[in-house]
Amino acid sequence: MIAAQAALETKMLLRNGEQLLLTVIIPSLLLALFSTVDIVDTGTGRAVDFLAPGVLALAVMSTAFTGQAIATGFERRYGVLKRLAASPLPRWALMTAKTLSVLVTEVLQIVLLTGIAFALGWSPQGDPVSVLLLLVLGTAAFSGLGLLMAGTLKAEATLAAANLVFLLLLVGGGVVVPLEKFPDAAQSVLGLLPISALSDGLRDVLQHGAAIPWGDLGILAAWAVLGLGAAAKFFRWE
């Protein structure tokens, strides 16, 4: 039942034009544009080496947070979640299926974006295990926040808030603009955001070949615990 529901969730997500815009088109365009056109000062080295990790983090956020929040919010509004909760599929199994759908979509995103980055001359370094840990914790953190938003706000409010947060974190989360470009006071706050921790952690490993970024992993773990815990407590199915 979980596999069938996960397959259905994935098909619905991939058929949604707005979701494809957020999960595939925007990250791909940002990676290709900013890597080939000198728009933002990304520091020394090739732009793609700085941008690729940030865009991978953006892809995780777009699927686990923005896409999941919007889709779940409207499912809640139209009574889909209520009907599914009354079906033989347990509620925990439904959430597991949604999580699997997010992970499948992220794998497709990462394969596509990695291929684009390699075509642009990207040469990643570092330990794949550290990258996997960052992506898993980042997914957990953004999933918790997305489900919390979808389960507490009205669908229209979720749509507006999720897209607004996406745009704000795209600009201020170290994805395409280095955090060093912001004032010192802002850097200390922005560095605690999950998108900043994920993009910086991936960049430390993939661009600089650093060891496991425990600080960034700790920030993501804290957001994951807070987000998933709050979602489990406050999520309303109707």
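In this text the structure is predicted, and so the values were computed from the model without any measurement.

**Q** In this structure, what is going on with the overall build of the protein chain? I would like to understand it.
**A** Across its full length, the protein chain carries 10 helices and 0 strands. Tracing the protein chain from N to C terminus, the helices and strands come up as α-α-α-α-α-α-α-α-α-α. With respect to the three principal axes, the spread of C-alpha positions in the protein chain is 55 × 35 × 30 Å. Residue burial in the protein chain is summarised as follows: out of 238 residues, 48% are buried. Contacts in the protein chain between residues far apart in sequence, at least 24 positions, make up 81% of those at least 6 positions apart. As presented, the protein chain carries roughly 11000 Å² of accessible surface, and 72% of it is formed by carbon and sulfur atoms. Computed over 14 positive and 15 negative side-chain charges, the inter-centroid distance for the protein chain is 17 Å.

**Q** I tried to follow the side chain of Ser-35 on my own but got confused; where do I start?
**A** By the secondary structure assignment, Ser-35 is in helix α2 (residues 17-36). On the basis of relative accessibility, which here comes to 19%, the residue Ser-35 falls in the buried class. Here Leu-31 takes part through its backbone oxygen, which lies 2.6 Å from a polar atom of the side chain of Ser-35. If near-sequence neighbours (up to four positions away) are discounted, Ser-35 is found in contact with Leu-30, Ala-47, Val-48, Leu-51 and Leu-120.

**Q** What is the right way to look at the packing of helix α3 (residues 47-77) against helix α6 (residues 128-152) in this model?
**A** When two helices pack together, their arrangement is given by the angle between the helix axes and the distance between those axes. Remark: α3 packs on α6, axes separated minimally by 8 Å, with the N-to-C direction vectors making an angle of 25 degrees. Regarding the angle of α3 to α6, the classification is roughly parallel. Along this stretch, α3 crosses α6, giving a crossing that reads as right-handed. Of the residues in α6, those touching α3 at Val-60, Met-61, Ala-64, Phe-65, Gln-68, Ala-69, Thr-72, Gly-73 and Arg-76 are Leu-135, Gly-138, Thr-139, Phe-142, Ser-143, Leu-145, Gly-146, Leu-147, Met-149, Ala-150, Gly-151 and Thr-152.

**Q** How should α3 be read in this particular structure?
**A** Residues that lie three or four places apart on an α-helix share one face, since the helix turns once every 3.6 residues. Over its 31 residues, α3 runs 43 Å from end to end, which matches the ideal 45 Å to within 8%, given 1.5 Å per residue. If you look at α3, its biggest bend is around 35 degrees, right at Ser-62. The buried fraction of α3 is high, at 29 of 31 residues. Looking at the residues trailing α3, positive phi occurs at Gly-79, about 80 degrees.

**Q** For this particular structure, what's the right way to read the packing of α2 against α3?
**A** Relative orientation of the contacting elements α2 and α3 amounts to 170 degrees, with a least axis distance of 9 Å. Taken as axis vectors, α2 and α3 run roughly antiparallel relative to one another. Contacts from Glu-18, Gln-19, Leu-22, Thr-23, Pro-27, Leu-30, Leu-31, Phe-34 and Ser-35 of α2 reach α3 at Ala-47, Val-48, Leu-51, Ala-52, Val-55, Leu-58, Ser-62, Thr-63, Thr-66, Gly-67 and Ile-70. When the residues that make up the contact of α2 with α3 are grouped by side-chain class, the tally is 12 nonpolar, 7 polar and 1 charged.

**Q** What is the right way to read a nonpolar patch on the surface from this model?
**A** Taken together, the side chains of Leu-14, Val-104 and Leu-108 present a nonpolar region at the surface, about 230 Å² in accessible area. Within the element layout of this structure, Leu-108 appears in helix α5 (residues 91-119). Since its relative accessible area comes to 46%, Leu-108 is described here as partly exposed.

**Q** Even after reading the chapter, I still don't get the environment of Ala-157, so can you show me in this structure?
**A** The residue Ala-157 is located in helix α7 (residues 155-172) in this model. In this structure Ala-157 comes out as partly exposed when scored by relative accessible area, which is 35%. Sequence separation of Ala-157 and Ala-141 is 16 residues, and the distance between their C-alpha atoms is 21 Å.

Conventions and cut-offs
- Residues numbered from 1 in each chain as written.
- Predicted model: local features only at pLDDT ≥ 70, side-chain atom pairs only at ≥ 80, totals over all residues.
- Heavy atoms only, no water.
- Helix = DSSP H or I, 4+ residues; strand = E, 2+ residues; numbered from the N terminus.
- Buried < 20%, exposed > 50% of the residue type's maximum accessible area, 1.4 Å probe, protein only.
- Contact = heavy atoms within 4.5 Å.
- Areas by Shrake-Rupley, 256 points an atom, 1.4 Å probe, with all protein chains shown as cover.
- Lys, Arg positive; Asp, Glu negative; His and termini not counted.
- Charge placed at Lys NZ, Arg CZ, Asp CG, Glu CD.
- Polar contact = N/O pair within 3.5 Å; in protein donor to acceptor, adjacent residues only side chain to side chain.
- Axes fitted to C-alpha atoms, helices over the stretch in contact; angles between N-to-C directions.
- Parallel < 35°, antiparallel > 145°, perpendicular 65-115°, else oblique.
- Left-handed = near helix turned anticlockwise from the far one by under 90°.
- Expected span 1.5 Å × (residues − 1).
- Bend = angle between axes of the 7 residues up to and from the residue.
- Nonpolar A, V, L, I, M, F, W, Y, C, P; charged D, E, K, R; others polar.
- Patch = residues over 30% accessible without salt bridge, like charges linked within 9 Å, V, L, I, M, F, W, Y side chains within 5 Å.
- Salt bridge = Lys/Arg side-chain N within 4 Å of Asp/Glu carboxyl O.

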